[in-house]
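Observations on chain architecture
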Amino acid sequence: MRRNSTAIVTGGGRGIGRAICEELADEGVDIVIADIDAEQMAETAALVEAAGQDAYPIQTDLSDFDSVRDCVDQAYASCGSVEVLVNNAGIAGPTAACEDVAPEEWDQTLNVNLRGVFYMCREVLPAMKDAGYGRIVNIASVTGKRPLVNRTPYATAKMGLIGFTRTLAAEVGGHDINVNAVCPGSVDGPRIRQVFERQAEATNRSFEEVETEVKNQSARGELVDKAEVANTVRYLCSADARQITGQDLNVSAGKVMY
């Protein structure tokens, strides 16, 4: 990763996205924070600036093409260039049997988790190609590699994201643009705990039973820390990872090993 670079991080207002913003800022990168939550973005921006880098919070709806295009236009107008794109934003979607998923729930999950990634890549790639350099990291999930019962919209989006990553990497590699995916396991934090609550309700079990079951699915018997995901993103954007592209790297405590 080049110093004095600019990165767009979607969903940078909280959780994994905020950790990625902080990690890249520590490497000397200015951060465009693309998120729908203005208050959370402001908090992340303060952390980026505390690390000595410029922060550009831009309220963005990833499911809306015009909103994404405006975000990217503002990023280039403010920063001049964008060397790194981290597509982190995502939603959990419904926890329900396929026949109980409402069409609008399906659409919303895929629009944010997959269509929004396409929108962002579509808008940054022309300038990256002209510059002959770029690093794109998509935050997928181990669910992109295996089933997740009662989560068909989420699983479909994440499986599609891995296919998108591999195909785009093959398409743009000749321009010194690397495209990779990071596949976290169950990352500790409020979002996964909401998922546990929904799974517990859907299966008539306690929260503790669901949490223990999920932890026991990994070789290390624990949840993943968001900082470990951010570290992997930083590595994939670094010069040390120049020959790594089209890959989907697990950060899952051994929950998935393929």
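Model, not experiment: these values are computed from the prediction.

Notes on the packing of helix H3 (residues 65-79) against helix H4 (residues 103-131)
Direction vectors running N to C along H3 and H4 enclose 30 degrees, while the axes themselves pass 9 Å from each other. The interaxial crossing formed by H3 with H4 has right-handed handedness. Each of Phe65, Val68, Arg69, Cys71, Val72 and Tyr76 in H3 lies in contact with H4, whose residues at this interface are Tyr119, Met120, Arg122, Glu123, Val124, Ala127 and Met128. Of the residues belonging to the contact of H3 with H4, the class tally is ten nonpolar, no polar and three charged.

Overview of the pairing of strand S1 (residues 6-10)
Sheet faces and side chains relate simply in a regular strand, where the side chains alternate between the two faces. Of all five residues making up S1, five are buried, and the element is well covered by its neighbours. By the alternation rule, side chains of S1 split into Thr6, Ile8 and Thr10 and Ala7 and Val9, which are all buried. Looking at chain direction, S1 and strand S2 (residues 30-35) are connected through five bridges and run parallel. If you follow Val9 over to S2, its bridge partner there is Ile33. Between S1 and its parallel partner S2, the chain crosses via helix H1 (residues 15-26), and the hand of that crossover is right-handed.

Observations regarding the sheet that holds S1
Within the open sheet, the seven strands sit side by side as S3-S2-S1-S4-S5-S6-S7. Their pairing is parallel. If you trace the sheet from one side to the other, it starts and ends with strand S3 (55-59) and strand S7 (248-251), each paired once. Direction aside, neighbouring strands of the sheet carry axes that sit 20 degrees apart on average. Looking at chain direction, strand S6 (residues 177-184) and S7 are connected through four bridges and run parallel. Pairing of Pro184 across the sheet is with Val251, part of S7. Strand contacts of helix H2 (residues 38-50): S2 and S3, with the helix running at about 170 degrees to S3, the strand carrying the most contacts. Contacts between helix H8 (residues 226-236) and the sheet are confined to strand S4 (84-87), strand S5 (134-139), S6 and S7, with S6 contributing the most and set at about 165 degrees to the helix.

The rules we used
Residues numbered from 1 in each chain as written. Predicted model: local features only at pLDDT ≥ 70, side-chain atom pairs only at ≥ 80, totals over all residues. Heavy atoms only, no water. Axes fitted to C-alpha atoms, helices over the stretch in contact; angles between N-to-C directions. Helix = DSSP H or I, 4+ residues; strand = E, 2+ residues; numbered from the N terminus. Left-handed = near helix turned anticlockwise from the far one by under 90°. Contact = heavy atoms within 4.5 Å. Nonpolar A, V, L, I, M, F, W, Y, C, P; charged D, E, K, R; others polar. Buried < 20%, exposed > 50% of the residue type's maximum accessible area, 1.4 Å probe, protein only. Pairing = 2+ DSSP bridges. Right-handed = clockwise from strand over helix to strand, strands pointing away.

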